[in-house]
Amino acid sequence: MIGQVAVRRFPALTVSTPRTEVRQLRAADADAVDEVFADRQTQRWLPLADANGQIDGPAWCTDLARQRRDSGDGDHYAVVRREDARVVGCLWTRRTDWGARLTEVSYALAPHARGFGLAAEAVDALAIALILEHGFQRVELRVAPGNVASRRVAEKAGFSYEGLLRNAGFVRGARVDLELWSLVAADLH
């Protein structure tokens, strides 16, 4: 139709690695999601415009995920540790540009799951699946300067640092610069 743009639905996917499974969130994951987002260290770096904002686990797992998926903007995923089938983190994609075939991925892990490389493993697997199986050309990460753990995830997941986006985001209600990291299709060949 002239003047209308078809909305693309974000692809449903599940990705397995030796230690994790990345899958769409379910309503039953809400308590685990609340645990991930309630952590003080996680809240320190959440990309929220409102300093008092709280992420509601049930809504994040259902309505908000469905809205993001149906709009074509992205999706919300659980990071499930394979050894005990426990949800230990969240990944989410957003800012998808279907014309350019790019999306941005963000992540948060529960405190008890940090330091074992699970975030990097899950981010790497999701990015590779988006590029190789779903035709994306670019997956981006944006990291607030000072978030050393997140920078290590980007490096370990194979992303390349591209530069600083000045005054480009929010962290707990304050404007911040963001480091831009990317993985592109050519990196996988």
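All values reported here derive from a predicted model rather than from experimental measurement.

Turning our attention to the overall build of the protein. Helices and strands together make up the secondary structure of the protein, namely six helices and eight strands. Of the regular secondary structure in the protein, the N- to C-terminal order runs β-β-α-α-α-α-β-β-β-α-β-α-β-β. At 16 Å, the protein has a C-alpha radius of gyration in line with the 16 Å of a compact globule built from 189 residues. Seen through its C-alpha atoms, the protein measures out along the principal axes to roughly 50 × 35 × 35 Å. The buried share of the protein, taken over its 189 residues, is 50%. Within the protein, counting contacts between residues at least 6 apart in sequence, those at least 24 apart form 64% of the total. Total accessible area on the protein is roughly 9400 Å²; 50% of this is exposed by carbon and sulfur atoms. With 25 positive and 25 negative side-chain charges, the protein shows a spacing of 2 Å between the two charge centroids.

Moving on, we get to the layout of surface pockets. Here the largest pocket is characterised by a volume of approximately 800 Å³. Lining the largest pocket we find 39 residues, and of these Tyr107, Ala108, Asn147, Ala149 and Ser150 sit closest to its centre. The class makeup of the residues in the lining of the largest pocket is 24 nonpolar, eight polar and seven charged.

A word on the nonpolar core. By size, the foremost hydrophobic cluster in this structure holds 35 residues, and its most contacted members are Leu91, Val123, Leu141 and Phe159. Ranked by residue count, the leading element in this core is helix H5 (residues 118–132), at eleven residues. Excluding residues within four positions of it along the chain, leucine 141 makes contact with Val105, Tyr107, Val123, Ala154, Phe159, Glu179, Leu180 and Trp181. Of all hydrophobic cores here, the second largest spans 17 residues; its members include Leu46, Ile55, Trp60 and Ala108.

Another point: the pairing of strand S7 (residues 160–171). Sheet analysis places S7 next to strand S8 (residues 174–184), joined by eight bridges and oriented antiparallel. Among the inter-strand pairings, phenylalanine 170 is bridged to a residue of S8, identified as arginine 175. From the end of S7 to the start of S8, which pair antiparallel, there are two residues, and arginine 172 there has a positive phi angle of about 50°.

Turning to its location among the elements, glutamate 179 is positioned in strand S8. Glutamate 179 gets classed as buried once you look at its relative accessible area, which sits at 7%. Separated by 15 residues in sequence, glutamate 179 and leucine 164 have C-alpha atoms that sit 4.5 Å apart. Residues in contact with glutamate 179, not counting those within four places in the same chain, are Leu141, Arg142, Val143, Pro145, Arg151, Tyr161, Gly163 and Leu164. Polar contacts involving the side chain of glutamate 179 include one to the side chain of tryptophan 181, which spans 3.1 Å.

Reading guide: rules and limits
Residues numbered from 1 in each chain as written. Predicted model: local features only at pLDDT ≥ 70, side-chain atom pairs only at ≥ 80, totals over all residues. Heavy atoms only, no water. Helix = DSSP H or I, 4+ residues; strand = E, 2+ residues; numbered from the N terminus. Rg over C-alpha atoms; globule rule 2.2 N^0.38 Å. Buried < 20%, exposed > 50% of the residue type's maximum accessible area, 1.4 Å probe, protein only. Contact = heavy atoms within 4.5 Å. Areas by Shrake-Rupley, 256 points an atom, 1.4 Å probe, with all protein chains shown as cover. Lys, Arg positive; Asp, Glu negative; His and termini not counted. Charge placed at Lys NZ, Arg CZ, Asp CG, Glu CD. 1 Å grid on protein atoms, 1.4 Å probe; cavity = no way out; pocket = protein on both sides within 12 Å on 5 of 7 lines; lining within 4 Å. Points joined across faces, edges and corners; volume = space filled by probe spheres on them. Nonpolar A, V, L, I, M, F, W, Y, C, P; charged D, E, K, R; others polar. Core = buried A, V, L, I, M, F, W, Y, C linked by side-chain atoms within 4.5 Å. Pairing = 2+ DSSP bridges. Polar contact = N/O pair within 3.5 Å; in protein donor to acceptor, adjacent residues only side chain to side chain.

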